[in-house]
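# Topology and contacts: notes
Here is how the chains run, residue by residue.
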Amino acid sequence: MMPVFGVSINVLSLFAFIMVLGIVVDDAIVIGESSYTEIEKHGGGIENVVRGAKKVATPATFGVLTTIAVFAPFLASSGPQGSFFYNIATVVVFCLIFSLVESKLILPAHLAHTKFSPVKENSLRARFNKRFNNFVNVKYKGFLSKCVEWRWAVMAAFFGMLLISIAMIAGSHVRFVPQPKVPHDFPDIQIEMNQTVSDQQTIDAIQKIEAMVQRIDREIEQETGQKMVRDILAFNQDRSSGRVVIPLVDEELRPYDTFEVARRWREAMPTIPGVKSITVQDQLLGGGGGGQGGGDFGYLLYGPSLEQLNVAGREFIKMLSQEPGLFDISSTIDPASKEIQLDLKPVAYDLGLSLQSIAGQIGASFFGGEAQRVLRDGEEIRVMVRYPQMTREQFSELKYAIVTTPSGKEVMLGDVVTLTEKPGISYIRRENGFRSVYIYGSIDEVVVQPNEVVKRIKDDLLPQLTENFPGVKTQLGGSIEEEQAQQNEQIMFFVAGLLMIYILLAVPLKSYAQPLIIMSVIPYGFVGAVWGHYLFGMDLSMMSTFGLIAAAGVVINDSLVMTDYVNQVRKQGQSVIQAVTDAGCVRFRAITLTSITTFVGVLPIMFETSLQARIVVPMAVALGFAVLFATLVTLILVPCMYMGLEDFKGMFRRKRKYKTTSATSDDSSNITGGNVDAYGGAARSSD
């Protein structure tokens, strides 16, 4: 189905396969464990396997459907990362759809035709089963009974752990960086010169940067005995821009990472006359995008006056340069160039001259006019005639240029026009009809979080800028703007997914309240993910959120199966407390198997150091540790919350019963009083 929907096998597909691993495994384990339980009780055979699969088929199916409902809205993702989310959602949705067929039809068929030999006494498996069952039916059951008895204290403890995890992010112990930086194996340095420079000046600037890179590499070799740079490719892209690409040695040979080398390059960057901007691209994703002019962040300044915009832009650059954690700050401000304006004198009109004819003649004199074409070695060469170089480069010589009148007379340019030297404009940027300037730069996420940068600029710098320049308006740009728009879209998708989850959970549970129990445990997967990132010294990112969504699918599936089991045994006449504790014991093996297999499955990815794996490591950490913590949530918190819901129902039943009793007693007293009055009235009449 992937080619049909335009998805290929790539890193994103691998990312999605790994992410959906836990849900697919959990679905298969739920069906397989239930069937195996029936086989243990009644022996092998198709009927026992089918009976075991039927017991959990409905909740397991709806558990997978809820996960599909969460990912389905991402198929409509837009923005620069829309294709990223589309690829992931497509793979996940079709994997889950196929898992429904595999776990409900194919897996039971395999189990039905599998021969299960009886467990030999005193074998390793028999001893393990005995100890495992003793742990579940004695120790865990006793502990769960105590937790259910003190259910409100247990729920408060879990809620406290959730608050502590949120506080760790608020206190920057674990930071949230929407798009983490991945070091590049081929960093490059891009240089942009002013429009007034020559080709040779751009080439000289590129050579200076190349010499700086070689010098830093020699210093690193002296420090560590190992070079970082494998090769250097330097070239100029046009007259005013160039690029230096620096392939690095293999990752296992590098004494420093790419970010450290890039930091040294920035500190040792030579002073280059005529430079407009120098950008060091050291990360694999982002950094050079931003939509408008590049950079991790950017601000668009627009207004009616270009001169005021340039002044405001330079002032804003000074403010940003003083902020910690910001570097490579640049802009689209056109550097001051010079242009010469011609104004006709009265005598020019008498001679029949016009600005158009004078400009054409002066342009041909300075740029050159084609005199003839000659053949040399089989190639055609154009012969251009123009003024000598000294005359063309000096403004004072311009007034002596010869202009021919329509009558054939020759006059000097200074006699027929007034020459004025003024600042020139190479180009004008417009945004929504206004002239604009774009200021952009990069963020050192080790020093400061991107969202903190935006907040500080919005609260401190922009009010000061707009106060000094009232006619200038500002607008956020860069990759941060795109990330914020993407986050708003994802929030909308998440809300839609929650609504679909509630609807799908209400169908098998046949209740409006019980789906809230299952949905309330979704945030607790966040606790495991936060502590996992803290242990690995990593930042939470957009990749981590996908791991959380996958872990939420596991939690929902297990919680739904457990809640459905409680409802089934309660229909058979068991008490609520007995049903809850029995459900924990019955579901213990399947839940622990899911957690262990999922965590072990993503464990190698957590310790992977290759460049390609850096993208999926946060997802693996979030998924693995969230599923581990979800084990405690499902086995302890869900039974307590089920009993808490019963407490609320009992409270409302008692309140409703009290109101009914009060209303009945009031009605009875009214009826009794009426009889007395009637009886008294009859007595009086008889008297």
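Computed from a predicted structure; not experimentally measured.

What counts, and at which threshold
Residues numbered from 1 in each chain as written. Predicted model: local features only at pLDDT ≥ 70, side-chain atom pairs only at ≥ 80, totals over all residues. Heavy atoms only, no water. Helix = DSSP H or I, 4+ residues; strand = E, 2+ residues; numbered from the N terminus. Buried < 20%, exposed > 50% of the residue type's maximum accessible area, 1.4 Å probe, protein only. Contact = heavy atoms within 4.5 Å. Areas by Shrake-Rupley, 256 points an atom, 1.4 Å probe, with all protein chains shown as cover. Polar contact = N/O pair within 3.5 Å; in protein donor to acceptor, adjacent residues only side chain to side chain. Salt bridge = Lys/Arg side-chain N within 4 Å of Asp/Glu carboxyl O. Core = buried A, V, L, I, M, F, W, Y, C linked by side-chain atoms within 4.5 Å. Pairing = 2+ DSSP bridges. Axes fitted to C-alpha atoms, helices over the stretch in contact; angles between N-to-C directions. Lys, Arg positive; Asp, Glu negative; His and termini not counted.

## Comments concerning the overall build of the protein
Tallying secondary structure elements over the protein gives 19 helices and 15 strands in all. The buried share of the protein, taken over its 687 residues, is 45%. The contacts of the protein with a sequence gap of at least 6 include a subset with a gap of at least 24, amounting to 76%. Summed over its atoms, the accessible surface of the protein is roughly 35500 Å², and 59% of this surface lies on carbon and sulfur atoms.

## What about the environment of T474?
Looking at the secondary structure, you find T474 in strand β15 (residues 473-477). Residue T474 is classed as partly exposed on the basis of its relative accessible area, which comes to 25%. Considered as a pair, T474 and Y438 are 36 residues apart in the sequence and their alpha carbons are 9.6 Å apart. When near neighbours in sequence (up to four residues on either side) are disregarded, T474 contacts L300, L301, Y302, L462 and L465.

## Examining the side chain of T563
Its place among the elements puts T563 in helix α17 (residues 542-571). A polar contact of 2.8 Å, which involves the side chain of T563, links it to the backbone oxygen of S559. Not counting residues up to four positions away in its chain, the partners in contact with T563 are L509, Q514, I518, V638 and Y642.

## Brief notes about the pattern of salt bridges
Any two side chains of opposite charge can pair, on the condition that their charged atoms come close. The full count for this structure, using the stated rule, is 22 salt bridges. One salt bridge connects E380 with R373, and the closest N-O pair in it is separated by 3.2 Å. Exposure remark for R373: the relative accessible area of 46% places this residue in the partly exposed category. Through salt bridges with shared partners, a single network forms among E223, E260, R263, R264 and E267.

## Re the nonpolar core
Core analysis: the biggest nonpolar cluster contains 62 residues, and F15, M19, I88, V92 and F546 have the highest contact counts within it. Mapped by element, the contributors of at least two residues to this core are α1 (11-42), α2 (46-71), α3 (82-112), α14 (478-509), α15 (514-520), α17, α18 (576-606) and α19 (617-686). Filtering out sequence-adjacent residues up to four positions away, V92 remains in contact with A16, M19, V20 and F71. Core analysis: the next-biggest nonpolar cluster, separate from the first, contains 36 residues, F158, V580, I591 and M643 among them.

## Focus: the sheet that holds strand β2 (residues 233-238)
Taking strand neighbours across the sheet as the criterion, the 4 strands line up as β2-β3-β1-β4 in an open arrangement whose pairing is antiparallel. If you trace the sheet from one side to the other, it starts and ends with β2 and β4 (275-283), each paired once. In this sheet, neighbouring strand axes are inclined to one another by 15 degrees on average, regardless of whether the strands run parallel or antiparallel. Two strands pair when backbone bridges link them, and β2 and strand β3 (residues 241-245) are joined in this way by 5 bridges, in the antiparallel orientation. Its bridge partner lying in β3, N236 is registered against G242.

## Side note on the side chain of E489
Mapped onto the secondary structure, E489 falls in helix α14. Within the buried set, E489 has no salt-bridge partner at all; the shortest N-O distance to an opposite charge, 21 Å, is to K458.

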